[in-house]
Amino acid sequence: MMASDGAPVGVRVAFIGCGNIATYHMKPALKAGATITVLVDPNQKARSMIAALLKVHDSSAMAPQEFASLKDALLADPGRTLFNAVDIMVPSFVVDGVDLHEAVASEALRAQRHVLLEKPVTTHPEAALRLDKIHREVSPKCVLAIAENAQYWPEVLATKASLDRGDIGELLTVRVKAWESATGEWAVDYAEGGWRCDETKLPSASFTFDSASHWIRPLRMWMGRATRVVGVTGKSVKHMAGVSCSQHIIQFESKKAAIFETMLAPKAIADEPFFVLQGTEGEIVVEGFGGGCTLHTLAPGTNEPLARELCRVGWDASYIGEYADFVAAITTGAPTKGPLSEALADLHVVRALISSGESNAWVDLD
């Protein structure tokens, strides 16, 4: 079936960047009904690895075409028959004064491709605003979604529903621990000699800068607009660049606050809750990557503790919701739930975490 412009109907995605994150996006993309038709990465071995995994997950699919750059892929497909969307999974850092996310996403939008852009949206807010301007002026009919999967995390959504029901009464505070082991699933990213060890790639090379939005977005969903931040930062993995551990207080418009900690453990770390939400009537505990969300209250009419599991699905399922939203926005015209404005709000908080650690002072958020 063909569209009015002669292009095939459907979502045909080019993976831009074939690193570890591409393995997390692959199955959700296929589940959402997209076809992965192009792999772009300057590293041929990285492309081959993703191509081999794709064959395992979709043995009937044609082998994707491979390119070393997005420019080459666009030159090979002027009519958008090969791919009409891109999933940009390159790191977000500045190269020769140019923000890589801004540059790659802008190139795709100018070529009238739909864009799913991995978080953080850009390194600096100014670059995000320029990208937004290009989207509005050059390709307003294209979808621009920022890939913050935490907002689709089943445990996060179950917690939001519980708060909306008033299960724990008035929310008083949230304790957050964004933790990971440098020897875990993402160990290749944290190994010596990688881009995260390069001081010129800061702040993006920092574990805290790069990962914090996964925990900031749920906080904002539950507590509203953040207004100021104070805290300290440090380095837990010596060979890596920038901040890899931190302790902060984040205050919100309601004047309530969250305790926010990040920790990239050099070796072992216990499987601790990511979030603990304390209310006037009870508590919600959101467990780690494997999943689990438990409501703690008192049995009606008694002082007996009562625990009820709200959800046990896990982190990986969040990518399914993320891709379903992207594909739906393309095929139905529905607004994406991952707009640039939300990612920009996350970025302001993340930058304040780093800035507060440097200044040892409160940082106000505009």
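Further up the page is the structure itself.
Here goes a summary of the coordinates provided.

Criteria and thresholds
- Residues numbered from 1 in each chain as written.
- Predicted model: local features only at pLDDT ≥ 70, side-chain atom pairs only at ≥ 80, totals over all residues.
- Heavy atoms only, no water.
- Helix = DSSP H or I, 4+ residues; strand = E, 2+ residues; numbered from the N terminus.
- Expected span 1.5 Å × (residues − 1).
- Buried < 20%, exposed > 50% of the residue type's maximum accessible area, 1.4 Å probe, protein only.
- Contact = heavy atoms within 4.5 Å.
- Pairing = 2+ DSSP bridges.
- Axes fitted to C-alpha atoms, helices over the stretch in contact; angles between N-to-C directions.
- Core = buried A, V, L, I, M, F, W, Y, C linked by side-chain atoms within 4.5 Å.
- Parallel < 35°, antiparallel > 145°, perpendicular 65-115°, else oblique.
- Nonpolar A, V, L, I, M, F, W, Y, C, P; charged D, E, K, R; others polar.
- Salt bridge = Lys/Arg side-chain N within 4 Å of Asp/Glu carboxyl O.
- Phe/Tyr/Trp six-rings, centres within 6.5 Å; stacked < 30°, edge-to-face > 60°.
- Lys NZ or Arg CZ within 6 Å of the ring centre and 35° of its normal.

1. Comments concerning helix α10 (residues 318–332)
- The end-to-end C-alpha distance of α10 is 21 Å, a good match for the 21 Å that 15 residues give at a rise of 1.5 Å each.
- S318, Y319, E322, Y323, D325, F326, V327, A329 and I330 are the residues of α10 that are buried.
- Where α10 is buried, its residues contact β1 (12–16), α1 (20–31), β4 (85–88), β7 (114–118), β8 (144–147) and α6 (154–165).
- G333 sits one or two positions beyond α10 and adopts a positive phi of about 80°.

2. Examining the sheet that holds β7
- Judged by pairing direction, the sheet is parallel, and its six strands sit side by side in the order β3-β2-β1-β4-β7-β8 without closing on themselves. Pairing within the sheet leaves two strands with one partner each, and these edge strands are β3 (65–67) and β8. If you compare each strand with its neighbour and ignore which way they point, the axes differ by 20° on average.
- Here strand β2 (residues 35–40) runs beside β3; their pairing, made up of three bridges, is parallel. The residue of β3 that forms the bridge with L39 is E66.

3. Quick word on the nonpolar core
- Residues F15, V174, I250, F275 and L277 are the most contacted members of the largest nonpolar core, which totals 107 residues.
- Residue contributions to this core peak at nine residues, all from helix α11 (residues 340–359).
- Beyond its immediate stretch of four places on either side in the chain, I250 contacts I216, L219, A226, R228, V229, K256, A257, A258, F260, V349 and L353.

4. Details of the sheet that holds strand β17 (residues 363–364)
- Read across the open sheet, the nine strands follow the order β16-β15-β14-β13-β9-β12-β11-β10-β17; overall the sheet is mixed. Each end of this open sheet is capped by a strand with a single partner; those strands are β16 (305–311) and β17.
- Bridge analysis of strand β9 (residues 171–181) against strand β12 (residues 257–265) gives nine bridges, and the strand direction is parallel. Residue pairing for β12: V174 is matched across the bridge by A258.
- Contacting β9, β13 (275–279), β14 (283–286), β15 (293–298) and β16, α6 runs over the sheet at an angle of about 130° to β16.

5. Observations regarding the environment of M263
- Its place among the elements puts M263 in strand β12.
- Separated by 20 residues in sequence, M263 and V243 place their C-alpha atoms 9.5 Å apart.
- Leaving out residues up to four positions away in the same chain, M263 has contacts with K177, A178, W179, E180, F207, S236, S244, C245 and I269.

6. What to know about the pairing of β15
- By the bridge criterion, four bridges tie β14 to β15 in an arrangement that is antiparallel. Residue pairing across strands places V286 opposite C293, the latter belonging to β15.
- Pairing geometry for β15 and β16, over six bridges, is antiparallel. Looking across to β16, one finds that T297 is bridged to L306.
- Between β15 and β16, which pair antiparallel and follow one another directly, the connecting turn spans six residues, one of which, G301, has a positive phi of 75°.

7. A look at α1
- Buried within α1 are the following residues: I21, A22, Y24, H25, M26, P28 and A29.
- G33 occupies a position one or two residues after α1 and carries a positive phi of about 100°.

8. Remarks on the packing of helix α5 (residues 125–138) against α11
- Running from N to C, α5 and α11 cross one another at 175°; their axes reach a closest spacing of 10 Å. If you check the angle between α5 and α11, you find them roughly antiparallel. Of the residues in α11, those touching α5 at P125, A128, L129, L131 and D132 are L340, L344, L347, H348 and R351.
- Each residue belonging to the contact of α5 with α11 can be placed in one class, and the counts come to seven nonpolar, one polar and two charged.

9. Let's talk about the pattern of salt bridges
- Enumeration according to the criterion identifies 18 salt bridges in this entry.
- Residue D167 is joined to R165 by a salt bridge in which the shortest nitrogen-to-oxygen separation is 2.7 Å.
- Among the salt bridges present, the one from R220 reaches E342, with a minimum N-O distance of 2.7 Å. On the criterion of sequence distance, the pair formed by R220 in helix α9 (residues 213–223) and E342 in helix α11 is long-range, its members being 122 residues apart.

10. A few points about the pairing of β4
- Every second residue of β4 is oriented toward a common face, with A85 and D87 on one face and V86 and I88 on the other, all of them buried.
- Of the strand pairs in this sheet, β1 and β4 are connected by four bridges, and their pairing is parallel. Paired with V13 across the bridge in β4 is A85.
- Bridge count between β4 and β7: four bridges; the pairing is parallel. Of the residues in β7, the one forming a bridge with A85 is H114.

11. Looking at the packing of aromatic side chains
- If you walk through the whole model with that rule in mind, you get 16 aromatic pairs.
- Plain terms: the ring middles of W315 and Y319 are 6.1 Å apart, the flat faces sit at 90° to each other, and that makes the pair edge-to-face. For the pair W315 and Y319, a shared accessibility class is recorded, and that class is buried.
- One aromatic cluster is present, formed by Y24, W153, W179, W186, W215, W222, F274, F275, F289, W315 and Y319 through successive ring pairs.
- Above the ring of F93, the side-chain terminus of K201 is found at 5.1 Å from the ring centroid.

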